[in-house]
Amino acid sequence: MLPSLYRIFRPLLPLLLATAAGHVTAAPEAVERGRYLVTAGNCASCHTAVAGAFMAGGVAFETPFGTLYSTNITPDPVTGIGAWSEADFRAAMRHGVRPDGEHLYPAFPYTAYTRLTDEDLAAIWAYLRAVPPVQSTPPANGLAFPFNQRPLLAAWKLLYHEPGPLEPDPARSDAWNRGAYLVEALGHCSACHSPRNRLGAEQAELRHAGGEYLDRVPGGGFRPWFAPNLTAHPQGLDLWRQEDLVAYLATGRNAFLEAFGPMNEVIMNSTRYLDPADIDAMATYLKALPAAGGGRATAAPDEELMGRGRSLYNLHCGTCHLPSGEGDPEMAPRLNRGSLVAQAENPASLINAILYGPEVAGADPARHWLKPMKAYRYLLDDKEVAAVATYIRNAWDNAAGVVAPAQVERQRGTGAGEG
């Protein structure tokens, strides 16, 4: 009789244990520390859908392998992680493994989170247990075969995943080590700012040298974006002083650029809430990264292309960005030497800004543009957008290469998929 009852009620044990665990309240200081760490990790941006409940998942991620949806990480015992133990949570964060033994897809950046300390993992767990539980099941993933076969990830991990916490470098300063921890572990900046190989793994030799990925543009469709080079490359952070980077992370704006596109969520949901010392530490680490990535463009655009681009620029852009490309504190950001978007190896983000108009973060309410930039998607054709983008990338002190009409066509939707 008893074994029979055990078989009947065994499936309910995780739910009963989770319900009981819900009455165990973590120390307030642990929960608060976890909240700060979750904010630094920008978890809300990936696990909170538009108009959805906090941390209840359902955010779509378009990848070359298909569509993935973020999971519910509230403590709901049925649809979230309420039935997990702390050991289950550590296994997911360190090794990318679910409680049922299945492998997690590395769109969840456990390749970075594995570098967190045990103490920080415990604090994050305490905070997530304090989040209001929400019963919500995200849509099923839509991955193409064979990428929908999770067991194959075991081989992927053997090649590309090195579990374990980040070890401090005793030869470096405390600020550098803190910045390394925030950038490489919590912030997982390389997930967007590094190119990936055909199997979706970051290319280690080009870490932080800039990366392309799919994300939404104004209007809802998914298009390629390019996260700029964060190393000391002439087309990367060599263009900015440390104080420029600090201002950007703290407010989303500096003398050269205001955050727009996918970076908005990073600023609005994460970095602007960090302690000033942590932001400075991140900038210290990033400014110390050695140059990596491709060389500067060698083929300059011809006079005819630059002439057409100049005419279009003066007609549509010069009033706000100025004919000199120096921009204006009240009207528009600087486009001359200093704009990582204009100087990027890949012009995808610049083209998106021209086609769809930049949705700026607006993290600093005391500073805003007098007139938002409009979208030119229906005002300029592919050749015209390519010409003005080429002009911006090669006028004044810039030298970033030619933009082809085919690249503009791609950003309009060809091969990128619609949302």
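Residues numbered from 1 in each chain as written. Predicted model: local features only at pLDDT ≥ 70, side-chain atom pairs only at ≥ 80, totals over all residues. Heavy atoms only, no water.

**Section: empty space enclosed by the protein**
Here is step 1 of the chain: In this structure the tally under the stated criterion is 1 cavity of 30 Å³ or more.
Here is step 2 of the chain: Each pocket or cavity is described by its volume, and for the largest cavity that value is around 40 Å³.
Here is step 3 of the chain: Residue lining of the largest cavity: A209, N229, H233, Q235, G293, G294 and E345, and that is the complete set.
Here is step 4 of the chain: Class assignment for the residues of the lining of the largest cavity results in 1 nonpolar, 5 polar and 1 charged. (1 Å grid on protein atoms, 1.4 Å probe; cavity = no way out; pocket = protein on both sides within 12 Å on 5 of 7 lines; lining within 4 Å. Points joined across faces, edges and corners; volume = space filled by probe spheres on them. Nonpolar A, V, L, I, M, F, W, Y, C, P; charged D, E, K, R; others polar.)

**Things to note about the pattern of salt bridges**
Here is step 1 of the chain: A full pass over the atoms with the stated rule returns 17 salt bridges.
Here is step 2 of the chain: Ionic pairing is found between E202 and R207, a salt bridge with its closest N-O pair at 3.1 Å.
Here is step 3 of the chain: Classification of E202 by relative accessible area gives partly exposed; the value is 21%.
Here is step 4 of the chain: A salt bridge links D244 to R241; the shortest N-O distance between them is 3.0 Å.
Here is step 5 of the chain: One continuous salt-bridge network, built from bridges that share partners, spans E86, R90, R94 and D118. (Salt bridge = Lys/Arg side-chain N within 4 Å of Asp/Glu carboxyl O. Buried < 20%, exposed > 50% of the residue type's maximum accessible area, 1.4 Å probe, protein only.)

**Describing the nonpolar core**
Here is step 1 of the chain: Among the nonpolar cores identified, the biggest contains 77 residues, and L116, I124, L186, W240 and L286 are the most heavily contacted of them.
Here is step 2 of the chain: Excluding residues that lie within four positions of it along the chain, I124 makes contacts with G34, L37, V38, F89, L116 and L186.
Here is step 3 of the chain: If you look at the next biggest cluster of nonpolar residues, it comprises 9 residues, including L68, L143, L153 and A201. (Core = buried A, V, L, I, M, F, W, Y, C linked by side-chain atoms within 4.5 Å. Contact = heavy atoms within 4.5 Å.)

**Quick look at the pairing of strand β2 (residues 66–69)**
Here is step 1 of the chain: Here strand β1 (residues 60–63) runs beside β2; their pairing, made up of 4 bridges, is antiparallel. Counterpart to T63 in the pairing with β2 is G66.
Here is step 2 of the chain: Here β1 folds back onto β2 in antiparallel fashion, the turn holding 2 residues. (Pairing = 2+ DSSP bridges. Helix = DSSP H or I, 4+ residues; strand = E, 2+ residues; numbered from the N terminus.)

**Details of the environment of R35**
Here is step 1 of the chain: Along the chain, R35 turns up in helix α3 (residues 28–40).
Here is step 2 of the chain: On the basis of relative accessible area, R35 is assigned to the partly exposed category, the value being 32%.
Here is step 3 of the chain: Note: C-alpha distance between R35 and I124 (89 residues apart in sequence) is 6.9 Å.

**Thoughts on the confidence of the model for the protein**
Here is step 1 of the chain: Mean pLDDT over the protein: 90, with 89% of residues reaching 70 or higher.
Here is step 2 of the chain: Residue range residues 1–24 is modelled with pLDDT below 50. Its contacts to residues more than four positions away, or to other chains, number 10 contacts.
Here is step 3 of the chain: pLDDT under 50 marks residues 415–419. Its contacts with residues more than four places away, or in other chains, come to 15 contacts. (pLDDT = per-residue confidence, 0-100.)

**What about the packing of helix α9 (residues 174–186) against helix α13 (residues 276–287)?**
Here is step 1 of the chain: Between α9 and α13, whose axes approach to 7 Å, the crossing angle comes to 90 degrees. Here α9 is positioned roughly perpendicular relative to α13, judged by the angle of their axes. Across from A175, W176, R178, G179, A180, L182, V183 and E184 in α9, the residues of α13 making contact are D278, A281, M282, T284, Y285 and L286.
Here is step 2 of the chain: Here the residues of the contact of α9 with α13 sort into 9 nonpolar, 2 polar and 3 charged. (Axes fitted to C-alpha atoms, helices over the stretch in contact; angles between N-to-C directions. Parallel < 35°, antiparallel > 145°, perpendicular 65-115°, else oblique.)

**With respect to the side chain of D278**
Here is step 1 of the chain: Mapped onto the elements of the fold, D278 is located in helix α13.
Here is step 2 of the chain: For D278, a relative accessible area of 8% corresponds to the buried category.
Here is step 3 of the chain: Of the polar contacts made by the side chain of D278, one reaches the side chain of Y36; its length is 2.6 Å.
Here is step 4 of the chain: Side-chain polar atoms of D278 contact the side chain of R178, separated by 2.9 Å.
Here is step 5 of the chain: Not counting residues up to four positions away in its chain, the partners in contact with D278 are Y36, R178 and L182. (Polar contact = N/O pair within 3.5 Å; in protein donor to acceptor, adjacent residues only side chain to side chain.)

**Quick look at the packing of helix α14 (residues 303–316) against helix α18 (residues 382–394)**
Here is step 1 of the chain: Relative to each other, α14 and α18 sit at 95 degrees, their axes nearing to 7 Å. Accordingly, the angle class assigned to the pair α14 and α18 is roughly perpendicular. Contact residues: α14 offers L305, M306, R308, G309, R310, L312 and Y313, while α18 offers K383, E384, A387, V388, T390, Y391, I392 and N394.
Here is step 2 of the chain: Of the residues that constitute the contact of α14 with α18, the class distribution is 8 nonpolar, 3 polar and 4 charged.

**Side note on unusual backbone geometry**
Here is step 1 of the chain: A cis geometry characterises the amide bond from F145 onward to P146, with omega recorded as 5 degrees.
Here is step 2 of the chain: Even without being glycine, A51 reaches a positive phi, approximately 65 degrees.
Here is step 3 of the chain: Following the sequence through the fold, A51 ends up in the loop between α4 (43–47) and β1.
Here is step 4 of the chain: In this structure A51 comes out as exposed when scored by relative accessible area, which is 85%.
Here is step 5 of the chain: Residue H188 is not a glycine yet carries a positive backbone phi of 40 degrees.
Here is step 6 of the chain: Along the chain, H188 falls in the loop between α9 and α10 (190–193).

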